[in-house]
Amino acid sequence: MTQSTAHASSWGTPQAVNSWNIINQRWTDNNELETYTPNCVWYEGSTLVIKTYNAGNGVYYSGRVESQAVYGYGTYSFTANMPSGQGLLPAVWAAALNPWLPEMDGAEIVGSNPDTVYQTFHDDSNGQTQFATSNPGGWSNNFHTYSFTWWPDHIDFDVDGVYEGTKWYTTAPGVGMHFIVDTAVGGDWPGSPDASTWATADGARYLKVSAIEYTPYNP
């Protein structure tokens, strides 16, 4: 697999992303089951923590954050410890949000299959290009670095510094992206949780992100 040729570049200084809008609402996209609440989002030192748990009677609480700032071309990087568990879909990603698309997914893990991490680009019409990377030891419950670099005419995806694939695409002028971190519960892709999902010492699952960084690229 050969990485695409980089443009002649002017790179800015890497910057930490840590100013968030914390979502507080029931989420129904993709037939998901979770209610996002600020009570499930906090920092332990510099590590962002998102808790997901079953409150009973069909109520599932989780956390979702969206960066207050909008970012452009450059590298979006997340060092994340993803949870496993039937019916969970932890993700570190970016999207325009208003309108929603385009979307660039740094990593998604289907909780029942933690040996595969998915990186996906969704274009303005939600056409999807996806790269899947296998790890027999599993991607969950250990920290790994998931990143993508957004160039003016393509997006490169990497896992732990290893190039995984390129999508050639030109976005419309003025498009910017919000960093997003969340764990969804249920829905079309991961399916519904079951008793095994919550079979942990405290009945919860945790997504932890120890570093979230943006390095700007100036064409």
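Note that the structure is a prediction, hence the values are computed from the model and not measured.

## Side note on the overall build of the chain
Part 1 of the argument: On a plain count of helices and strands, the chain comes out with zero helices and 18 strands.
Part 2 of the argument: Taken over C-alpha atoms, the radius of gyration comes to 17 Å for the chain, in line with the 17 Å a tight globule of 219 residues would show.
Part 3 of the argument: Here the C-alpha coordinates of the chain stretch approximately 55 × 35 × 35 Å along the principal axes.
Part 4 of the argument: Of all intrachain contacts in the chain linking residues separated by at least 6 positions in sequence, the fraction that spans at least 24 positions is 68%.
Part 5 of the argument: In the form shown here, the chain has an accessible surface area of approximately 9500 Å², with 46% of it arising from carbon and sulfur atoms.
Part 6 of the argument: If the 6 positive side-chain charges of the chain are averaged to one point and the 21 negative ones to another, these points end up 9 Å apart.

## Topic: the side chain of Ser62
Part 1 of the argument: By secondary structure assignment, the location of Ser62 is in strand β7 (residues 59-62).
Part 2 of the argument: Within the structure, the side chain of Ser62 is placed 2.7 Å from the backbone oxygen of Thr183, a separation counted as a polar contact.

## Here's the deal with the nonpolar core
Part 1 of the argument: Core analysis: the largest hydrophobic core is formed by 35 residues, its most contacted members being Tyr76, Val92, Tyr146, Phe179, Val181, Val209 and Ile212.
Part 2 of the argument: With four residues, strand β18 (residues 204-216) is the largest single contributor of residues to this core.
Part 3 of the argument: In this view, Val92 contacts Phe78, Ala80, Met82, Asp105, Gly106, Ala107, Tyr146, Ile180, Val181 and Val209; residues no more than four positions away in its chain are not counted.
Part 4 of the argument: Among the nonpolar cores identified, the runner-up in size contains seven residues, and Ile23, Trp27, Leu89 and Ala184 belong to it.

## Focus on the pairing of strand β10 (residues 88-95)
Part 1 of the argument: Extensive coverage of β10 is indicated by the burial of eight of its eight residues.
Part 2 of the argument: The alternating pattern of β10 places Leu88, Pro90, Val92 and Ala94 on one face and Leu89, Ala91, Trp93 and Ala95 on the opposite face, and all of these are buried.
Part 3 of the argument: Judged from the eight bridges that link them, β10 and strand β17 (residues 178-185) form a sheet pairing that is antiparallel. When the sheet's bridge partners are listed, Leu88 is paired in β17 with Val185.
Part 4 of the argument: The pairing of β10 with strand β11 (residues 103-108) spans five bridges and is antiparallel. Bridge pairing links Ala94 to Met104 in β11.

Reading guide: rules and limits
Residues numbered from 1 in each chain as written. Predicted model: local features only at pLDDT ≥ 70, side-chain atom pairs only at ≥ 80, totals over all residues. Heavy atoms only, no water. Helix = DSSP H or I, 4+ residues; strand = E, 2+ residues; numbered from the N terminus. Rg over C-alpha atoms; globule rule 2.2 N^0.38 Å. Contact = heavy atoms within 4.5 Å. Areas by Shrake-Rupley, 256 points an atom, 1.4 Å probe, with all protein chains shown as cover. Lys, Arg positive; Asp, Glu negative; His and termini not counted. Charge placed at Lys NZ, Arg CZ, Asp CG, Glu CD. Polar contact = N/O pair within 3.5 Å; in protein donor to acceptor, adjacent residues only side chain to side chain. Core = buried A, V, L, I, M, F, W, Y, C linked by side-chain atoms within 4.5 Å. Buried < 20%, exposed > 50% of the residue type's maximum accessible area, 1.4 Å probe, protein only. Pairing = 2+ DSSP bridges.

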